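# Examination of the molecular architecture
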Amino acid sequence: MKKIEVVAAIIKFNDKILCVQRGQNKLPYIAEKFEFPGGKIEIGESKEEALARELSEELNIVAAIQSLFLTVVHQYPDFELTMHSFIAEVATQEITLNEHIDSKWLTVNELQQLDWAAADIPIVNKLIANG
Ligand SMILES: Nc1nc2c([nH]c(=O)n2[C@H]2C[C@H](O)[C@@H](COP(=O)(O)OP(=O)(O)OP(=O)(O)O)O2)c(=O)[nH]1
């Protein structure tokens, strides 16, 4: 089974968290799901370097990446995903959606309103549990 390793950012601004929506995808269980921005680690990159690059490419933002929050291993029908999520902070809510179709800044208690990618559910649940 194919394995994919990605990094993702839980981006905070005051009490809000940035949630971004993927576009169409050949994999129906990924298409139009909400996720935390990020992507695959390239050869030679640290996790933090990969995340900084992805946030710049996807959203034109510079975020202060803080600490590892949770690593999730999730079995999708076509691949096994290992996702390292990091807490990050931004100084402004201004973003540009270069790859995503929608975005929302939500409080922790609002996160469950969204249709998340399955691998993100443990992250959302831990954020809620932590308050
Ligand atoms: N960045 C990110 N990816 C996630 C999350 N949840 C989740 O299941 N994924 C999955 C979707 C993708 O299969 C993979 C991320 O890869 P990617 O962002 O490079 O996206 P992709 O497969 O569409 O891109 P690509 O092969 O065309 O480069 O991880 C999440 O919260 N953030």
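These numbers were taken from a predicted model, which means no experiment stands behind them.

## Focus: the overall build of the protein chain
Check the secondary structure of the protein chain and you find 2 helices and 7 strands. Counting helices and strands in the order they occur from the N terminus, the protein chain gives β-β-β-β-α-β-β-β-α. In summary, the protein chain has a C-alpha radius of gyration of 14 Å against a globular reference of 14 Å for 131 residues, a match within 12%. In terms of overall dimensions, the protein chain has C-alpha extents of about 40 × 35 × 25 Å along its principal axes. A buried classification covers 24% of the 131 residues belonging to the protein chain. For the protein chain, the share of sequence-separated contacts (at least 6 apart) that also reach a separation of at least 24 residues comes to 65%.

## Here we look at the nonpolar core
Core analysis: the largest hydrophobic core is formed by 26 residues, its most contacted members being V7, A9, I10, I11, L51 and L55. For this core, the secondary structure elements donating two or more residues are β1 (2–13), β2 (16–21), α1 (47–59) and β6 (79–89). Among the elements that make up this core, the one with the highest residue count is β1 (6 residues). In contact with A9, not counting residues within four places along its chain, are F36, P37, G38, L51, L55, A63, I65, F86 and A88.

## Topic: the confidence of the model for the protein chain
Per-residue confidence for the protein chain gives a mean pLDDT of 97; residues scoring 70 or more make up 100%. Scored as a whole, the predicted complex attains pTM 0.96, and scored at its interfaces, ipTM 0.94.

## Observations concerning the site of the ligand
Close to the ligand lie 14 residues; E35, G38, G39, A117 and A119 are nearest. Of all the secondary-structure elements, those providing two or more residues to the shell around the ligand are β1, β4 (38–40) and β6. Looking at side-chain class alone, the shell around the ligand contains 9 nonpolar, 2 polar and 3 charged residues.

## Some remarks on the environment of S103
Mapped onto the elements, S103 comes out in strand β7 (residues 102–106). The spacing of S103 and C19 is 84 residues in sequence and 5.6 Å in space, taken between C-alpha atoms. Apart from the residues within four sequence positions on either side, S103 is in contact with L18, C19, V20, Q21, I95 and L97.

## Observations regarding the UniProt feature "domain: Nudix hydrolase" (unreviewed entry) in the protein chain
The sites that UniProt annotates as "domain: Nudix hydrolase" (unreviewed entry) are residues 2–129. Span residues 2–129 is 17% helix and 40% strand, its end C-alpha atoms 32 Å apart.

## Notes on the environment of F86
Note on placement: F86 falls in strand β6. Placed 68 residues apart in sequence, F86 and L18 show a C-alpha to C-alpha distance of 13 Å. With near-sequence residues (within four places) excluded, F86 lies in contact with V7, A9, I10, L51, I65, Q66, S67, L68 and F69.

What counts as what
Residues numbered from 1 in each chain as written. Predicted model: local features only at pLDDT ≥ 70, side-chain atom pairs only at ≥ 80, totals over all residues. Helix = DSSP H or I, 4+ residues; strand = E, 2+ residues; numbered from the N terminus. Rg over C-alpha atoms; globule rule 2.2 N^0.38 Å. Buried ≥ 20, exposed ≤ 12 C-beta atoms within 10 Å, placed from the backbone. Contact = placed C-beta atoms within 7 Å. Core = buried A, V, L, I, M, F, W, Y, C linked by C-beta atoms within 7 Å. pLDDT = per-residue confidence, 0-100. Near = placed C-beta within 6 Å. Nonpolar A, V, L, I, M, F, W, Y, C, P; charged D, E, K, R; others polar. UniProt positions renumbered as here; feature names shortened; annotations may be inferred.

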